[in-house]
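Observations on the three-dimensional arrangement
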Amino acid sequence: MLNPNIRKQFPVLKHIENGHELVYLDNTATTHKPLRVIERMTKFYTHQNATVHRGVYGLSQSATDYCEEARKKVQTFIKAKHEEEIIFVKGTTEAINLVAESFGRFHLKKGQEILITEMEHHANIVPWQQLCIKHGCTLQVAPIKDNGELNLEAWKAGINKNTGLVAFTHVSNALGTTNPVQEMCDFAKAAGVAVLIDGAQAMSHIEVDVQALNCDFYAFSAHKMHGPTGIGVLYGKHELLKIMPPYQTGGDMIDVVTFEKTTFAVPPARFEPGTPAIAEIIGLGETIDFLTEIGLNNIFHHEHTLLNYANIKLKEIKGLRIIGEAKEKNAIVSFVLDDIHPHDAGTILDTEGIAVRVGHHCAQPLMKRLEVPATIRASFSMYNTLEEVDKLVAGIKKIQGIML
Amino acid sequence: MSRSQQLYEAMILDHNKKPRNFSVMDPHTHSSHGKNPLCGDDFYVYISCNDTEIEAISFIGQGCAISKSSGSMMTEMLKGLPIQEALELKESFLEMVSTDISPEKKKSLGKLKVFEGVKDFPARVKCAALVWRALEDALGAKSGETSTE
């Protein structure tokens, strides 16, 4: 386990909720930020604020340099070949929309199929569905098994000569299932199909090597990896990015503009119109330094110790059923309680200072497949402790005491 | 009494476990479907009324303890009530679950006062309100679909 002193680096954990020290178990929704990330962003606004790419004056040149350093840090962190393969976007949702609009509309042909899975977040369903409506493609959905694992054979069988793109999540936000992404990429690439991975729940939990994966696109958000909100990354292979048209147009992404015609900048600038989220980009760079210093392996082991302990303790509770028991999981536990609606459970846990997510987790088709209206979800991070798992268990017993 | 026990009064828990008038009513003169997609609360409200009075009322569906008990107690309170009074009661109820109300209004709500604690849980106001909005929608012959999200 990581040294519990790590909690001191996250000021918000001192927050008192309903008279209790905050037990934050909603890390899948968003994660807390270490002080050094907050301070780095404050330092930028306090002493270094300027826009980027207007480098005739010193402050702007420095701001540009900080952002480009952050791009290099992301490149190193996910082991991309070129720094131009790192596109700064608002988050995972925008990254997927960018690919659907730019790659999908211009490089997929009418009648081609897009294959997703039953466990996707709405952000990895709806952009493809909309593309299919506008562009005449067909959305195919690979099934999951009852234990929350992808039915890999069915997924493989879903790839055929008409498949233009496969999009799947690295880790399910609702169930915690970790997909066999390497095997999936190998299979899809051997079939000549483009691959997008939704990495929102993988970053800061699992090491990601986009070159080893050989995926075409990898999308993630900074705020789910202890970085700022409003900034995320689309990784795209350079050979694809350079032939993809812009997703949005305007300033900063152009080469030459006349009233008759505009030529566009090369990637990544082509996909980064307008003034970027400069402080957030710099904050993301600081986040990566922070994660690298702690070590992703150490984080993985800490979180899995919590996951294993939570699994044991939760299963001892009568009337509790865990939803999603894949062999490979991240530290996310979804569960339901007999005769108690998740929203009532969530409210009572809140009065105990325990923050969990209750609901459909932006995965309505998955909830339908699992035949539950909603679940209670506890998700763990580097700062959570075994004592907090015990508090969750005590909270659940309190819920049952009140409601049953 | 803890905060959560103040919300989950004994009467609310009883109506959650044993909802009254919990059935489809066919035929009916009015109905509406109330649904909060984000949390999954999903109820149908059925009403049989003449020109002035609610003769029979029922509800069916699924949701949390607050939404279900709200439906159960609503149907108990409204049966046999003049439509105008039912609509006034609805207004008072919706006011009570979101803000402080006058003692007179509170008195008029009778046993529905057990939902007073909901106003301290802003995220749950929509749960308590859902069946009442469906009632409003049904009697107003509006879309037949409503939501409090």
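Described below are features of the structure shown in this document. Please read these numbers as outputs of a predicted model, since none were measured by experiment.

**Examining the packing of aromatic side chains**
This model, assessed by the stated rule, comprises 12 aromatic pairs over all chains. Ring centres of A:Phe10 and A:Phe290 lie 5.8 Å apart, and the angle between their planes is 75 degrees; on these two criteria the pair is classed as edge-to-face. Separated by 280 residues along the polypeptide, A:Phe10 in the segment before β1 (16-17) and A:Phe290 in helix α9 (residues 278-294) bring together distant segments of the chain. The class of A:Phe290 is buried, set by a relative accessible area of 2%. Ring geometry for B:Tyr44 and B:Tyr46: centres 6.4 Å apart, planes at 15 degrees, overall stacked. Here B:Tyr44 falls in the partly exposed class, since its relative accessible area comes to 35%.

**Section: the pairing of strand β6 (residues 138-142) of chain A**
Residue and element names in this part refer to chain A. Sheet analysis places strand β5 (residues 113-117) next to β6, joined by 5 bridges and oriented parallel. Counterpart to Glu 113 in the pairing with β6 is Thr 138. Read from β5 through helix α4 (residues 126-135) to β6, the crossover connection turns out right-handed.

**Details of the nonpolar core**
One finds A:Ile78, A:Trp155, A:Tyr218 and A:Met382 to be the most contacted residues of the largest nonpolar core, which totals 74 residues. Sort the elements by how many residues they give to this core and α9(A) lands first, with 9 residues. Those residues within four positions of A:Ile78 in sequence are excluded, and the remaining contacts are A:Ile86, A:Met203, A:Val208, A:Asp209, A:Val210, A:Phe220 and A:Tyr235. Of all hydrophobic cores here, the second largest spans 73 residues; its members include A:Ile340, B:Cys49, B:Leu81 and B:Ile101.

**Observations regarding a nonpolar patch on the surface**
Residues and elements named next belong to chain A. On the surface, Val 56, Tyr 57 and Leu 59 cluster together into a nonpolar patch covering about 330 Å² of accessible area. Mapping Tyr 57 onto the fold places it in the loop between α1 (35-48) and α2 (58-78). Tyr 57 sits in the partly exposed class, given a relative accessible area of 41%.

**Points about the sheet that holds strand β4 (residues 145-146) of chain B**
Residue and element names in this part refer to chain B. The 4 strands lie next to each other as β3-β2-β1-β4, forming an open sheet whose pairing is mixed. In the strand order of this sheet, the two ends are held by β3 (54-62) and β4, each with one partner. Bridging between strand β1 (residues 30-36) and strand β2 (residues 41-49) involves 7 bridges; their strand directions are antiparallel. The partner of Lys 35 across the bridge, within β2, is Asp 42.

Procedures and definitions
- Residues numbered from 1 in each chain as written.
- Chains lettered and ligands numbered in written order.
- Predicted model: local features only at pLDDT ≥ 70, side-chain atom pairs only at ≥ 80, totals over all residues.
- Heavy atoms only, no water.
- Phe/Tyr/Trp six-rings, centres within 6.5 Å; stacked < 30°, edge-to-face > 60°.
- Helix = DSSP H or I, 4+ residues; strand = E, 2+ residues; numbered from the N terminus.
- Buried < 20%, exposed > 50% of the residue type's maximum accessible area, 1.4 Å probe, protein only.
- Pairing = 2+ DSSP bridges.
- Right-handed = clockwise from strand over helix to strand, strands pointing away.
- Core = buried A, V, L, I, M, F, W, Y, C linked by side-chain atoms within 4.5 Å.
- Contact = heavy atoms within 4.5 Å.
- Patch = residues over 30% accessible without salt bridge, like charges linked within 9 Å, V, L, I, M, F, W, Y side chains within 5 Å.
- Areas by Shrake-Rupley, 256 points an atom, 1.4 Å probe, with all protein chains shown as cover.
- Salt bridge = Lys/Arg side-chain N within 4 Å of Asp/Glu carboxyl O.

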